[in-house]
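# Inside the fold
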Amino acid sequence: EADIYQTPRYLVIGTGKKITLECSQTMGHDKMYWYQQDPGMELHLIHYSYGVNSTEKGDLSSESTVSRIRTEHFPLTLESARPSHTSQYLCASSEYDRGPAETQYFGPGTRLLVL
Amino acid sequence: AQKITQTQPGMFVQEKEAVTLDCTYDTSDQSYGLFWYKQPSSGEMIFLIYQGSYDEQNATEGRYSLNFQKARKSANLVISASQLGDSAMYFCAMREGRYNFNKFYFGSGTKLNVKP
């Protein structure tokens, strides 16, 4: 069973505020990901990391930034939230070097509403 | 070209009946993995089942089975004896090849409604 946690689960915030979405996993996975998903729609990869001090941008351009200082922690930050950032953000992790069997395990998601 | 195609935006099934959710994929790799995830209205993505491209048997996990037809590049999910709790979005996904930087590709999802 996956042990990956996201906080907060829901966040309503005003335009211009700085926010950080937290993601932690206890599985010792090296690889972690952030996806953005509008309700009922497909997932879009916005950031990923292969390990500590490694971060890469995903397919969907995002104004957010990420950091990976510890293996278990992969926070996402928006410096100035806007209504266009309203979405669900899903964090995932996977074990390094599993080839095609590499399974991504997801956290419960954070639903962000920017007013 | 789309890597993963799910052609059924929405499906209805009667409780206790079986249902098949379609998924086709596109890859030139010989080694790849296929996955299905369930996303209830609460939002989390739940891993259901995995099929490797070299696996000769179709994967099964409880009431879930994956109908893998390699030549047709299809990986349909079969849910037997549907339950009301199966109502959710279902996503098909693929990971290509052997390299650690290879991406995960997701389909656009199928919304399944189980009717009592």
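Structure: see above.
The structure reproduced in this document is the subject of the present report. (Residues numbered from 1 in each chain as written. Chains lettered and ligands numbered in written order. Predicted model: local features only at pLDDT ≥ 70, side-chain atom pairs only at ≥ 80, totals over all residues. Heavy atoms only, no water.)

Residues and elements named next belong to chain B. Across the 6 residues of strand β9 (residues 74–79), 5 count as buried, placing the element largely inside the fold. As judged from the 3 bridges shared by strand β3 (residues 19–21) and β9, these two strands associate in the antiparallel manner. For L21, the partnering residue across the bridge sits in β9 and is L77. Across 6 bridges, the pairing between strand β8 (residues 64–69) and β9 is antiparallel. The residue of β9 that forms the bridge with Y64 is I79. Where β8 folds back on β9, the antiparallel hairpin that results is connected by 4 residues, among which K73 adopts a positive phi of roughly 55 degrees. (Buried < 20%, exposed > 50% of the residue type's maximum accessible area, 1.4 Å probe, protein only. Helix = DSSP H or I, 4+ residues; strand = E, 2+ residues; numbered from the N terminus. Pairing = 2+ DSSP bridges.)

On to the interface of chain B and chain A, then. Between chain B and chain A, the residue contacts involve 25 residues of the former and 26 residues of the latter. Along the contact surface separating chain B from chain A lie 1 salt bridge. Ionic pairing is found between E102(A) and R95(B), a salt bridge with its closest N-O pair at 3.3 Å. Inspection of the chain B/chain A interface yields 5 residue pairs in polar contact (both at pLDDT 80 or more). When contributions to the side of chain B that touches chain A are tallied by element, the ones reaching two or more residues are β5 (32–39), β6 (46–52), β10 (88–96) and β11 (104–106) of chain B. Among the elements that make up the side of chain B that touches chain A, the one with the highest residue count is β5(B) (5 residues). A class-by-class count of the residues in the side of chain B that touches chain A yields 11 nonpolar, 10 polar and 4 charged. (Contact = heavy atoms within 4.5 Å. Salt bridge = Lys/Arg side-chain N within 4 Å of Asp/Glu carboxyl O. Polar contact = N/O pair within 3.5 Å; in protein donor to acceptor, adjacent residues only side chain to side chain. Nonpolar A, V, L, I, M, F, W, Y, C, P; charged D, E, K, R; others polar.)

Turning our attention to the nonpolar core. L21(B), Y25(B), W36(B), I49(B), L77(B), Y90(B) and L112(B) are the most contacted members of the largest nonpolar core, which totals 25 residues. Judged by nonpolar contacts, the second largest core, of 18 residues, contains I19(A), L78(A), Y89(A) and V114(A). (Core = buried A, V, L, I, M, F, W, Y, C linked by side-chain atoms within 4.5 Å.)

Right, let's get into the sheet that holds strand β1 (residues 4–7) of chain A. All names here are of chain A. The sheet built from 4 strands is open, its strands ordered β1-β3-β8-β7 with antiparallel pairing. The two strands at the open ends of the sheet, each matched to only one other strand, are β1 and β7 (65–66). As paired strands, β7 and strand β8 (residues 76–78) are joined by 2 bridges and run antiparallel to one another. Bridge pairing in β8 links V66 to L76.

The final tally for this structure, using the stated rule, is 2 disulfides over all chains. A disulfide bridge connects C23(A) with C91(A), and the sulfur atoms are separated by 1.9 Å. Taking the sign of the torsion about the S-S bond as the criterion, the disulfide between C23(A) and C91(A), at about -75 degrees, is left-handed. Of this pair, C23(A) sits in strand β3 (residues 19–25) while C91(A) sits in strand β9 (residues 87–94), placing them 68 residues apart in sequence. For the residue pair C23(A) and C91(A), the accessibility class agrees, reading buried in each case. One disulfide bridge connects C23(B) with C92(B), the sulfur atoms lying 2.0 Å from each other. Taking the torsion about the S-S bond as the criterion, the C23(B) to C92(B) disulfide, at about -65 degrees, is left-handed. You can see C23(B) sitting in the loop between β3 and β4 (24–25) and its partner C92(B) sitting in strand β10, a full 69 residues away along the chain. (Disulfide = S-S within 2.5 Å.)

Purely spatial values, then, with no claim about function.
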